[in-house]
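# Fold and contact review
Chain by chain, the residues run as shown.
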Amino acid sequence: MKSLDYYLLFVAVPVVLVLALIEGIVLSRRHAYDWRAFAVSALDLVSRIAVNILLPLSIAAPLVSWAYMNRLTTIQLNTGVGLLLLFLGQEFCYYWYHRAAHRVRWFWVTHSVHHTPNELNLSAAVRIGIFSKLSGTALFFTPLIWLGFDVRTVFSVLTLNLLYQFWIHASWIPRLGWLEGIINTPSAHRVHHAANTAYLDANFGGVLVVFDRLFGTYVAERKDLPCRYGLVHPVTSYNPFKIQFGPWWDLVRDLAKVRSLRALFGYLLMPPGWAPDGAGNTTAELKAREQGGGQTQPQTQQLNKEHSQQQKQKPGQALFPSPHN
């Protein structure tokens, strides 16, 4: 293990858990706090560390190896220019990874775990899903290795990127004025975690939201539209196996009924909610129905009913209001 590995394992992880615990204690004195969801998120973190130690390679390892063996040059990080290039390159690659994690079902089955909490708080930040190596998310960062950045450095910077995002899961932090639209703030990330149709598939940046603005995926938080956190169809279970394996099982069930290559690749590579007959529930389809009045009142009522029942059955999952200036 390198020095950064020791720091992350023995300093960063304990600090993150302690801060999430302190937030939970403070918030529980103001209103109901979902400690069972906290436990699920903490278990996700511990399990992910164990999987990464026991399974050091991912399915993207051959591509990572090829990129390293065929790198164009070797970029040193002993200058400000090299560091800036790595930071911007990392942000660019992270944006497209994160966007694909929402727009390609193969990657969504792992990333969706991060969106299962129905509250947004610091503990939700550590629930990421344990199968990222099985999904092959490392492939999005291989261009940096091919260009000449050190392999370990690239993925260490990715870890630091994720550490930055820890604090933006605090739903009680208000909008940050002129910083909004430049860096990834709690307000921007509230939108990212919201299941409201108008907020779906937005704000994919890591530290910055510059690429969101450049590629048209930036959405500002609205005072007239409070965020409803979680998935479009809320997950009400606290069973860690159902949370981790449920999306994979749903994918397997869809693949088991395919009768064409179009359906096979569609279920794997099209957005979540895609259906071969065109009558699916992708983000684009949901937004089109809402804008065109095609989403029926019963459908809307059903989503509201699911969320209301969840709150009644699990009083610890009271929603936080979205703070505004």
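Residues numbered from 1 in each chain as written. Predicted model: local features only at pLDDT ≥ 70, side-chain atom pairs only at ≥ 80, totals over all residues. Heavy atoms only, no water.

### Things to note about the overall build of the chain
The condition is simple: The helix and strand labels rest on DSSP assignments: H or I over at least four residues marks a helix, E over at least two residues marks a strand, and numbering proceeds from the N terminus. Exposed residues in this analysis have more than 50% of their type's maximum accessible area, buried residues have under 20%, and partly exposed residues fall in between, with area computed by a 1.4 Å probe over protein chains only. Any two residues whose heavy atoms approach within 4.5 Å at even a single point are treated as in contact. Reported accessibility uses the Shrake-Rupley method at a 1.4 Å probe radius. Residues are deemed covered only where the shown protein chains occlude them.
Within the chain one finds 15 helices and 0 strands. Looking at the chain residue by residue over its 325 residues, the buried ones come to 48%. In the chain, 71% of the contacts between residues at least 6 apart in sequence involve partners at least 24 apart. For the chain, the exposed area adds up to about 16300 Å²; of that, 66% sits on carbon and sulfur atoms.

### A short note on the nonpolar core
We count it as follows: In this text, buried Ala, Val, Leu, Ile, Met, Phe, Trp, Tyr and Cys residues form a nonpolar core when linked through side-chain atoms within 4.5 Å.
Ranked by size, the top nonpolar core spans 19 residues in total, and within it Tyr97, Phe107, Phe140, Phe141 and Val154 carry the most contacts. Contributions of two or more residues to this core are made by helix H3 (61–69), helix H4 (80–103), helix H8 (142–147) and helix H9 (151–164). Broken down by element, the residue count for this core peaks at 6 residues, all from H4.

### So, unusual backbone geometry
Positive phi values are uncommon outside glycine, yet aspartate 201 reaches one of about 55°. Along the polypeptide, aspartate 201 turns up in the loop between helix H10 (186–193) and helix H11 (210–215). Assessed through its relative accessible area of 18%, aspartate 201 is described here as buried. Phi is positive for asparagine 203, close to 60°, though the residue is something other than glycine. As for its position among the elements, asparagine 203 is in the loop between H10 and H11. Exposure remark for asparagine 203: the relative accessible area of 0% places this residue in the buried category.

### Remarks on the pattern of salt bridges
Heads up, the condition is: What makes a salt bridge here is a side-chain nitrogen of Lys or Arg within 4 Å of a carboxyl oxygen of Asp or Glu, nothing more.
In the structure shown here, the tally under the stated rule is 7 salt bridges. Of the charged contacts, one joins arginine 222 and aspartate 224 as a salt bridge, the two residues approaching to 3.1 Å between their closest N and O atoms. A residue is classified by how much of its surface remains accessible, and aspartate 224, at 57% relative accessible area, is exposed. We note a salt bridge from arginine 253 to aspartate 250, for which the minimum N-O separation is 2.8 Å. You can see arginine 253 and its partner aspartate 250 sitting in helix H12 (residues 240–256), 3 residues apart, about one turn around the helix. Owing to a relative accessible area of 46%, arginine 253 belongs among the partly exposed residues under this scheme. Residue classification places aspartate 250 among the partly exposed positions, given a relative accessible area of 32%.

### Here's the deal with the packing of aromatic side chains
Convention followed: Working definition: a ring pair exists when centres of Phe, Tyr or Trp rings (six-membered ring for Trp) sit within 6.5 Å. Plane angles under 30 degrees give stacked, over 60 give edge-to-face, the rest tilted. Only when the NZ atom of a Lys or the CZ atom of an Arg is both within 6 Å of the ring centre and within 35 degrees of the ring normal do we say a charge sits over the ring.
Applying the stated criterion across every chain yields a total of 21 aromatic pairs. Each ring, one from tyrosine 95 and one from tryptophan 96, has its centre 5.1 Å from the other, and the planes form 85°; the classification is edge-to-face. Relative to phenylalanine 245, the ring of phenylalanine 241 lies with its centre 6.3 Å away and its plane at 15°, an arrangement referred to as stacked. Residue phenylalanine 241 and its partner phenylalanine 245 are located together in helix H12, separated by 4 residues, close to a single helical turn. Taken together, the ring pairs in this structure connect Phe92, Tyr95, Trp96, Phe204, Phe211 and Phe215 into an aromatic cluster. Lying over the aromatic face of tyrosine 68, arginine 71 brings its terminal NZ or CZ to 4.1 Å of the ring centre.

### Examining the packing of helix H1 (residues 3–28) against H9
We count it as follows: Inter-axis angles, ranging from 0 to 180 degrees, are taken between N-to-C directions of lines fitted to C-alpha atoms, where helices are fitted over the stretch in contact. Working definition: roughly parallel below 35 degrees, roughly antiparallel above 145 degrees, roughly perpendicular at 65 to 115 degrees, and oblique for all remaining angles.
The geometry of H1 relative to H9 is characterised by a closest axis approach of 12 Å and an angle of 10° between their N-to-C directions. Overall, the two elements H1 and H9 adopt an arrangement that is roughly parallel. Here Leu4, Asp5, Leu8, Ala12 and Val16 of H1 lie close against H9, whose contacting residues are Arg152, Ser156, Thr159 and Leu163.

### Quick look at H12
The line we're drawing: Under the convention used throughout, the expected extent of a helix is 1.5 Å for every residue step, that is, one less than its residue count. Take the seven residues that end at a residue and the seven that start at it, fit an axis to each, and the angle between those axes is the bend at that residue. Contacts described as polar in this section are N or O atom pairs within 3.5 Å, which, within protein, must combine one atom able to donate a hydrogen with one able to accept it, while residues neighboring in sequence count only if both atoms come from side chains.
When the terminal C-alpha atoms of H12 are compared, their 24 Å separation across 17 residues agrees well with the 24 Å that a helix rising 1.5 Å per residue should span. Maximum bend of H12: about 45°, positioned at glycine 246, with proline proline 247 one to four residues after it. Three or more residues of H12 are buried, namely Ile243, Gln244, Pro247, Trp248, Leu251 and Asp254. Structurally, H12 contributes buried residues whose contacts are with helix H2 (35–54), helix H5 (105–111), helix H7 (132–135) and helix H13 (261–269). Its side-chain oxygen 2.9 Å from the backbone nitrogen of phenylalanine 241, asparagine 239 forms the N-cap of H12.

### Things to note about H2
Since the α-helix turns once every 3.6 residues, residues separated by three or four places project in the same direction. The terminal C-alpha atoms of H2, which comprises 20 residues, lie 29 Å apart, in line with the 28 Å expected from a rise of 1.5 Å per residue. All of the buried residues in H2 are Ala37, Phe38, Val40, Ser41, Ala42, Asp44, Leu45 and Arg48. The backbone nitrogen of arginine 36 has a side-chain oxygen 3.3 Å away, supplied by the residue at the start of H2, namely aspartate 34.

### Comments concerning the side chain of aspartate 201
At 2.9 Å, the side chain of aspartate 201 and the side chain of threonine 283 are in polar contact. Ignoring any residue separated from it by four or fewer positions in sequence, one finds aspartate 201 in contact with His102, Arg103, Thr217 and Thr283.

### Regarding the confidence of the model for the chain
Regions with low pLDDT should not have their predicted coordinates read in detail. Condition: The quantity known as pLDDT measures the predictor's confidence residue by residue, on a range of 0 to 100.
Within the chain, residue pLDDT values average 90, and 90% of them lie at 70 or more. This stretch, residues 295–301, has a pLDDT under 50; its non-local contacts, to residues over four places away or in other chains, come to 6 contacts. A low-confidence stretch, residues 310–325 (pLDDT under 50), is modelled with 51 contacts involving residues beyond four sequence positions or located in other chains.

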